[in-house]
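Letter by letter, the chains look like this.
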Amino acid sequence: MPLTPRRPRSRRLRAVLLAAAAASVVAAALPAPVPLGIGDPLFPHLGNPGYDVRSYDIGFTYLGDNSKPMEAVTTIDAMATDNLDRINLDFARGTVHGIEVNGRPAEFATADEDLVVTPQSPVHAGEPVRITVRHTSDPKAALDGGWVRTSDGLVMANQADAAHRVFPCNDHPSDKAFFTFHVTAPADVTVVANGLPTARERHGGSVVSTYSSSHPMATELAQVAIGHSAVLHREGPHGLPIRDVVPAADKARLEPWLKKTPGHIAWMERQVGPYPFETYGVLIASADTGFELETQTLTLFERSLFVRPEFTEWYVDSVMVHELAHHWFGDSVSPHGWADLWLNEGHATWYEAKYADEAGKRSMEQRMKTAYALSDGWRAAGGPPAAPRASAPGQKIGIFRPIVYDGSALVLYALREEIGERAFDRLERRWVRDHRDSTATTADFSALASRIAGRDLSGFFKAWLYGEKTPPMPGHPDWHTQKPKHA
């Protein structure tokens, strides 16, 4: 059979083929994918260099079974801060179907818990980049954080390093971003997420619920609640919308606790200033988590906290205030690195203890005296407040030790004793005002405290935050530490 003559290739086609060949050569020349990190000593591979995420747009399709993987699409809009031949994302426990970078298909591979994306063309510093990942999100696989299966659905618990078990992200609190969630679920299922609802569309027997945040958020604070829940609405100070999400059968039983929230917010505003977000609410889950979690605008609580008779009213109140206080300390002002965790938990514990002192007649001074006695033991076990030891392998929340709770509230007590109550109160208000919607470091806190006190406090903070031994308590020469039991 005679050969059919070939048509001359167009210049455009030749250019496309040459570009594709060049891209193949570049891809072949790149080294093997490796997990990266931004240098956090507690989580070496968490976060990724080279870009700053501006927003996440995340869609989940929930079919009514909380044990099966959900189909999901995550779109990340970011700004490149370096020239990037590859882009590392944190992602694990899901199956990736495909990735596009700036609308063009991209190659990808996995390296430990990183998803390593190779775009067709390098991304240059200063350029915007959009990464769209089609993937699954598996509630059954994330046994060490991420999705938590409840009796009737799902909630998220991403602290400290588990958001990437739910969706691809830059999973470090230093890279805060705006979030939008679109959740498709059966019409009889309630969906609530961070922020406020912006759309609700019905498609046959399913409803797509859309929520968006008005303030940037760390990945560890993301929340999507799916289940057969009641959503209860009320008004907080200055008209703040409050919506609580509770098991439908328990709404009357839980109301005595839920109605306390406006008063809690008003109390916190008297301490440090206006509530920093567009809404607040309590999410009560029918699950045994062993913790409560300050997910932004919608705090996660275990049902058992409110129904077990051994928990007294003052105790439950103070725990509710602890998680609320995080919305100033930890959510609005986020830690720049995980060694700054003491700023989150120390402050939340401080206001928890202060509320218990005022409303529950539980002495703050006695609590701090007890903490002082135990502080050397806590430092020996977990390191000093601002230099905590990394958690043991397989213990993802092992950094949440007593030293970052009462041990760090003790530092704030010592600071108040050192600089006086009026200066301390100014410091607290300035801190949350100056760093609102941002991140901050221990050094930032020390510098601000020195400016407000009118003298250099670096020596004070070095001893209290980094010393192996607890310094003498200002104003309380009679307080003594106990010898660590294992010493």
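For every chain, the first residue of its written sequence is number 1, and the numbers climb from 1 along that sequence. For a predicted model such as this one, the threshold for reporting local features is a pLDDT of at least 70, and the threshold for listing and counting side-chain atom pairs is 80 or more; totals across whole chains, interfaces and linings nevertheless cover every residue. Remark: hydrogens and water are excluded; side-chain values derive from all non-hydrogen atoms of the structure.

1. Observations concerning the overall build of the chain
Moving on, step 1. Each helix and strand counted, the chain has eleven helices and 21 strands in total.
Moving on, step 2. Projected onto its principal axes, the C-alpha positions of the chain cover 105 × 50 × 45 Å.
Moving on, step 3. With 487 residues in all, the chain has 56% of them scored as buried.
Moving on, step 4. Counting contacts in the chain only where the partners sit at least 6 residues apart, residues at least 24 apart contribute 70% of the total.
Moving on, step 5. Of the roughly 21200 Å² of accessible surface on the chain, 53% is carried by carbon and sulfur atoms.
Moving on, step 6. Distance between charge centroids for the chain: 3 Å, based on 50 positive and 58 negative side chains. The numbering of helices and of strands both runs from the N terminus, where a helix is a DSSP run of H or I of at least 4 residues and a strand a run of E of at least 2. Classification of residues uses two cut-offs on accessible area relative to the type maximum, computed with a 1.4 Å probe and protein chains only: under 20% is buried, over 50% is exposed, and between them is partly exposed. Whether two residues are in contact is decided by their heavy atoms, any of which lying within 4.5 Å being enough. Throughout, the Shrake-Rupley method with a 1.4 Å probe supplies accessible areas, and for residues the shown protein chains are the sole cover considered. Under the counting rule used here, the positive set is Lys and Arg, the negative set is Asp and Glu, and His together with the chain ends is not counted. For this purpose, a charge sits on NZ of Lys, CZ of Arg, CG of Asp or CD of Glu.

2. Digging into the pattern of salt bridges
Moving on, step 1. We count a salt bridge whenever a side-chain nitrogen from Lys or Arg sits within 4 Å of a carboxyl oxygen from Asp or Glu. Taken as a whole and judged by the stated rule, the model has 17 salt bridges.
Moving on, step 2. With a shortest N-O distance of 3.4 Å, Arg234 and Asp244 are connected by a salt bridge. Of this pair, Arg234 sits in strand β16 (residues 229-235) while Asp244 is found in strand β17 (residues 241-247), placing the two residues ten residues apart along the sequence. Side by side, Arg234 and Asp244 carry an identical accessibility label, which is buried.
Moving on, step 3. Linking Asp434 and Arg430 is a salt bridge whose minimum nitrogen-to-oxygen distance equals 3.0 Å. Linking Asp434 with Arg430, this pair stays in helix α9 (residues 421-434), spanning four residues, or about one helical turn.

3. A few points about helix α11 (residues 458-466)
Moving on, step 1. Buried within α11 are the following residues: Phe460, Phe461, Trp464 and Leu465. Mapping the buried residues of α11 onto a view down its axis gives an arc of 100 degrees, with all of them on the same face.
Moving on, step 2. Those residues of α11 hidden inside the fold are in contact with α6 (341-360), α7 (364-382), α8 (406-419) and α10 (442-453). Working definition: the arc comes from the directions between the helix axis and the C-beta atoms, pointing outward to the latter.

4. Describing the layout of surface pockets
Leftover empty space is mapped by rolling, across the atoms, a probe with the size of a water molecule.
Moving on, step 1. Of the pockets and cavities examined, the largest pocket occupies roughly 870 Å³.
Moving on, step 2. Surrounding the largest pocket, 42 residues form its lining, Thr289, Gly290, Phe291, Glu292 and Ile397 being those nearest its centre.
Moving on, step 3. Contributing elements (two or more residues each) for the lining of the largest pocket: β9 (146-149), α4 (304-307), α5 (313-325) and α6.
Moving on, step 4. Here the residues of the lining of the largest pocket are counted per class, giving 18 nonpolar, nine polar and 15 charged. Only protein atoms enter the 1 Å grid used here, on which a cavity is any set of points holding a 1.4 Å probe that cannot leave and a pocket is any open set flanked by protein within 12 Å on both sides along at least five of seven lines; residues with an atom within 4 Å of a point are listed as lining. Grid points are joined across faces, edges and corners, and a volume is the space filled by probe spheres set on the points. Amino acids outside the nonpolar list (Ala, Val, Leu, Ile, Met, Phe, Trp, Tyr, Cys, Pro) and the charged list (Asp, Glu, Lys, Arg) are all regarded as polar, and Gly is one of them.

5. Some points on the side chain of Gln159
Moving on, step 1. Mapped onto the fold, Gln159 is located in the loop between β10 (154-157) and β11 (178-186).
Moving on, step 2. Within 3.5 Å is the distance limit for a polar contact, defined as a pair of N or O atoms, with the added protein rule that one can donate a hydrogen and the other accept it, and that residues adjacent in sequence qualify only through two side-chain atoms. For Gln159, the side chain forms a polar contact with the side chain of Glu220, separated by 2.7 Å.
Moving on, step 3. Side chain to side chain, Gln159 and Glu294 meet in a polar contact 3.0 Å long.
Moving on, step 4. In contact with Gln159, not counting residues within four places along its chain, are Glu220, Leu293, Glu294, Trp338, Glu345, Ile397 and Phe400.

6. Digging into the packing of α9 against α10
Moving on, step 1. For helices, the fitted axis covers only the stretch in contact; all axes are lines through C-alpha atoms, and the angles between them, taken along N-to-C directions, range from 0 to 180 degrees. Running from N to C, α9 and α10 point in directions that differ by 135 degrees, and their axes come no closer than 10 Å. With respect to their mutual orientation, α9 and α10 come out oblique. α10 is crossed by α9, and the crossing has right-handed handedness. Contact residues: Ala423, Arg426, Leu427, Glu428, Arg430, Trp431 and Asp434 in α9; Asp444, Phe445, Leu448, Ala449 and Ile452 in α10. For this classification, under 35 degrees means roughly parallel, over 145 means roughly antiparallel, 65 to 115 means roughly perpendicular, and everything else is oblique. The crossing is said to be left-handed when, going from far helix to near helix, the turn is anticlockwise and less than a right angle, and right-handed when the turn is clockwise.

7. What about empty space enclosed by the protein?
Moving on, step 1. Counted by the stated rule, this structure contains three cavities of 30 Å³ or more.
Moving on, step 2. Considering only enclosed or pocket space, the largest cavity measures out at about 100 Å³ in volume.
Moving on, step 3. Lining the largest cavity are 14 residues, with Thr150, Asp152, Ser229, Ile284 and Ala285 positioned closest to its centre.
Moving on, step 4. Only β10, β15 (224-227), β17 and β18 (282-285) provide two or more residues apiece to the lining of the largest cavity.
Moving on, step 5. Split by residue class, the lining of the largest cavity holds nine nonpolar, four polar and one charged.
Moving on, step 6. Approximately 50 Å³ is the volume found for the second largest cavity.
Moving on, step 7. Surrounding the second largest cavity, Phe329, Gly330, Val333, Ser334, Pro335, Leu343, Asn344, Trp431 and Ala440 form its lining.

8. Considering the packing of aromatic side chains
Moving on, step 1. Pairing of aromatic rings covers Phe, Tyr and Trp, the last counted by its six-membered ring, and requires centre-to-centre distances within 6.5 Å; plane angles under 30 degrees mean stacked, over 60 mean edge-to-face, and any other angle means tilted. Evaluation of the coordinates by the stated rule reveals 25 aromatic pairs.
Moving on, step 2. On the numbers, 6.0 Å between centres and 55 degrees between planes, the contact of Tyr372 with Trp479 is tilted. Highlighted residues: Tyr372 in helix α7 and Trp479 in the segment after α11, separated in sequence by 107 residues.
Moving on, step 3. Under the relative-accessibility criterion, Trp479 is labelled buried at 5%.
Moving on, step 4. Both rings, one in Phe460 and one in Trp464, keep their centres 6.1 Å apart while their planes meet at 35 degrees; by these two values the pair is tilted. Residue Phe460 and its partner Trp464 are located together in helix α11, separated by four residues, close to a single helical turn.

9. Notes on the nonpolar core
Moving on, step 1. Within this scheme, the nonpolar core is defined by two criteria: the residues are buried Ala, Val, Leu, Ile, Met, Phe, Trp, Tyr or Cys, and they are joined through side-chain atoms within 4.5 Å. Residues Met268, Phe306, Trp338, Leu415, Trp431 and Phe445 are the most contacted members of the largest nonpolar core, which totals 78 residues.
Moving on, step 2. Ignoring any residue separated from it by four or fewer positions in sequence, one finds Phe445 in contact with Trp342, Leu343, His347, Leu412, Leu415, Leu427, Glu428, Trp431 and Phe461.
Moving on, step 3. In terms of nonpolar packing, the next biggest core, distinct from the first, is built from 59 residues, Val189, Val224, Leu283 and Leu300 among them.

10. Focus: the confidence of the model for the chain
Moving on, step 1. The pLDDT value expresses, per residue, how confident the predictor is, ranging between 0 and 100. In the predicted model, the chain carries a mean pLDDT of 93, and the fraction of residues at 70 or more is 93%.
Moving on, step 2. Every residue in residues 1-27 scores below 50 in pLDDT, and together they form four contacts with partners more than four places removed in sequence or on other chains.

11. A word on the sheet that holds strand β1 (residues 51-61)
Moving on, step 1. Across the sheet, eight strands lie side by side as β5-β4-β8-β2-β1-β11-β14-β13; this open sheet has mixed pairing. Only two strands of the sheet have a single partner each, and these edge strands are β5 (104-105) and β13 (196-203).
Moving on, step 2. Here ten bridges tie β1 to strand β2 (residues 70-80), and the two strands are oriented antiparallel to one another. Each bridged residue has a counterpart across the sheet, and for Tyr56 the counterpart in β2 is Ile76. By this definition, two strands are paired if DSSP reports at least two bridges between them.

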